[in-house]
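Read off the chains here:
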Amino acid sequence: LRVRHTIATSVESRRTEPNGLALWFENPLVKLFADDPPGRRTSAALLLARNEREAVAIGLRSSRVLRDVRVRLTPLRGPGGAVLPSPEARRVGMVPVDRASAYYVSRAPSWRRHTPAGPGVTDGWPGEWPDPLPPLRPFDLLARRTESVWFIVRAPKDTPPGVYRGWAEVSARGVPLARLPLVVRVLGFTLPDRPSLRIVYDLRSGPGWVVEGAGEAALR
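Report on the accompanying structure. (Residues numbered from 1 in each chain as written. Predicted model: local features only at pLDDT ≥ 70, side-chain atom pairs only at ≥ 80, totals over all residues. Heavy atoms only, no water.)

1. A word on the nonpolar core
Core analysis: the biggest nonpolar cluster contains 33 residues, and Leu60, Val69, Val71, Leu182 and Val184 have the highest contact counts within it. When residues of this core are traced back to their parent elements, those giving at least two are β1 (21-26), β2 (44-50), β3 (52-62), β4 (66-73), β8 (139-141), β9 (147-155), β10 (162-172) and β11 (175-190). Top element by residues in this core is β11. It accounts for six residues. When neighbours within four sequence positions are excluded, Leu60 is seen to be in contact with Leu21, Ala22, Leu23, Trp24, Val69, Val71, Leu141, Arg145, Thr146, Glu147, Val149 and Val170. Core analysis: the next-biggest nonpolar cluster, separate from the first, contains five residues, Ala55, Ala57, Val92 and Trp150 among them. (Core = buried A, V, L, I, M, F, W, Y, C linked by side-chain atoms within 4.5 Å. Buried < 20%, exposed > 50% of the residue type's maximum accessible area, 1.4 Å probe, protein only. Helix = DSSP H or I, 4+ residues; strand = E, 2+ residues; numbered from the N terminus. Contact = heavy atoms within 4.5 Å.)

Right, dumping it as structure tokens:
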């Protein structure tokens, strides 16, 4: 409890430090947009079986421009000095979207591509949308603009089970700015190379959902 309190207090104080950098963990299923405010998750814990991988997302936002920003995970060390492999590092890129989009009703043949002909009817909006995951390289963090990076952590088949600990660290022009703790727990069983779990694909029919030849044979 003392350690958690120290970490939380330290991170909150960093929000008011002269470097102006906010750093936090985010659920990788959540898209971070450029105008999103800083989050509050100051630590993260992953649960992995052997032969499994999992992503952890990190958000960054600064009150001033930071040049040559580098984000890294320190080695994740566990039982008996075991170390997990270096994670795959990705930066979340942005895709410019010039108009809102939605599902549209069309009476065109099913083979013809449906082109939106009316205004968007979803809760989406034009602008920059986070989506691609190019390799992570040093970058400039603009003032009052949220960026996010991903680290994909992997536990090979021969990984000793137990708890592995490391840090997510951020620097700019070689100067350390902030870091957050990451914990990975590796379980004592191994996933197969090829899963055998049956999956149900969501195929629908009706207006706007025409599936040619839908039937038992088409679903095999």
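What follows picks up the thread again.
2. Focus: unusual backbone geometry
One non-glycine residue, Asp68, adopts positive backbone phi at about 50°. Examined against the element boundaries, Asp68 turns out to sit in strand β4. One non-glycine residue, Arg173, adopts positive backbone phi at about 55°. Mapped onto the elements of the fold, Arg173 is located in the loop between β10 and β11.

3. Quick word on the layout of surface pockets
Of the volumes computed, that of the second largest pocket is approximately 210 Å³. If you go around the second largest pocket, you meet 13 residues; those closest to its centre are Arg70, Val71, Arg72, Glu169 and Ser171. Those elements that provide at least two residues to the lining of the second largest pocket are β4, β10 and β11. Sorting elements by how many residues they give to the lining of the second largest pocket places β4 first, with four residues. (1 Å grid on protein atoms, 1.4 Å probe; cavity = no way out; pocket = protein on both sides within 12 Å on 5 of 7 lines; lining within 4 Å. Points joined across faces, edges and corners; volume = space filled by probe spheres on them.)

4. Describing the environment of Pro134
When you line up the elements, Pro134 lands in the loop between β7 (127-130) and β8. When its relative accessible area of 34% is taken as the criterion, Pro134 is described as partly exposed. Measuring from C-alpha to C-alpha, the distance between Pro134 and Arg90 comes to 5.6 Å, with 44 residues separating the pair along the chain. If we skip the residues at most four places from it in the chain, Pro134 touches Arg90, Arg91 and Gly93.

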